[in-house]
Amino acid sequence: HTKARNSTESMRLGFATSLEFSYHLNEKWNINSGLNYVQRVEDFNYQRPEEIKSSREKIYKLIIHPILGEIYKESGYNTNYDTTRFAKIQNTNKYKSVSIPLEIERMVPLGDKLMILAKTGLLFDIYNKIEGKTIDSNNDIIDLDDLYRYQKTKSRISLGIGATYKANDKLTLLIYPQANFGISSLFDQDFFRQKELGLYTHLGIRFNL
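Please read all numbers here as calculations on a predicted model, not as lab measurements. (Residues numbered from 1 in each chain as written. Predicted model: local features only at pLDDT ≥ 70, side-chain atom pairs only at ≥ 80, totals over all residues. Heavy atoms only, no water.)

### Concerning the side chain of T164
- Position of T164 relative to the elements: it lies in strand β9 (residues 155-166).
- In this structure, T164 is in contact with K113, L114, M115, L117, T172, L173 and L174, ignoring residues within four places of it in sequence. (Helix = DSSP H or I, 4+ residues; strand = E, 2+ residues; numbered from the N terminus. Contact = heavy atoms within 4.5 Å.)

So this is what it looks like as structure tokens:
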């Protein structure tokens, strides 16, 4: 089943945005929280297996007898084949989530304006919506939403390393690549296990209050 899913699903570029607040503990450490929105996108392309059906019918040969007249005599079988072509099914799957981060951040100044940042923490989902299709253990097409509908809220580990440039006393420019790792499977069915792995690059600004 895993091999079949890998052959039908391929990742595309997604989208992520966040509004975060940092509490300055001291010159080295911050605590971050806020709201994160993530939309992951993948292509689903599936071709149903080709089905070949056959049927046999008897073949009769006409014989003209001088006394009995026309006689039909069985002479063999004719086999007919009905072929069903591949049915190609395409869909765009979307995984949407809103989460609250709780992260600790380390600051390493490099001069007066440049600073290196590194952070780690947890993302707690407060909203999830999944749209799309996949295949089950029987290679039948099913809706992802039906699999996820009754699942519990999920959480993820976040890791990031970035840099800031201080434009002035109030405004700081930010670049922050980040990776999110799902702690548990999005789907709890035995035949369908999937943990999130997302790589993101955040570009933004920070205001000092």
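### Focus: the packing of aromatic side chains
- Per the stated rule, a full pass over the model turns up two aromatic pairs.
- Ring geometry for F15 and Y37: centres 6.4 Å apart, planes at 55°, overall tilted. Taken as a pair, F15 in strand β1 (residues 9-24) and Y37 in strand β2 (residues 29-47) lie far apart in primary sequence, 22 residues in all.
- The class for F15 is partly exposed, based on a relative accessible area of 46%. (Phe/Tyr/Trp six-rings, centres within 6.5 Å; stacked < 30°, edge-to-face > 60°. Buried < 20%, exposed > 50% of the residue type's maximum accessible area, 1.4 Å probe, protein only.)

### Regarding the pairing of strand β5 (residues 88-110)
- Pairing of β2 with β5 involves 17 bridges; the strand directions are antiparallel. Directly across from Y37, in β5, lies its bridge partner V98.
- As paired elements, β5 and strand β6 (residues 114-131) share 17 bridges and run antiparallel to each other. By the bridge assignment for β6, S99 is matched with D125.
- The antiparallel hairpin formed by β5 and β6 contains three residues in its connecting segment, where G111 sits at a positive phi of about 95°. (Pairing = 2+ DSSP bridges.)

### Quick word on the pattern of salt bridges
- Going through the model one piece at a time under the given rule, you end up with eight salt bridges.
- R12 is paired through a salt bridge with D43; the nearest N and O atoms lie 3.2 Å apart. Placement of R12 in strand β1 and of D43 in strand β2 is noted, with a sequence separation of 31 residues between them.
- Of the residues examined, R12 reaches a relative accessible area of 42% and is grouped as partly exposed.
- Judged by its relative accessible area of 22%, D43 falls in the partly exposed class.
- Between K129 and E131 there is a salt bridge, with its nearest N and O atoms 3.3 Å apart.
- Among the residues examined, K129 registers a relative accessible area of 36% and is labelled partly exposed.
- Classification of E131 as partly exposed rests on a relative accessible area of 29%. (Salt bridge = Lys/Arg side-chain N within 4 Å of Asp/Glu carboxyl O.)

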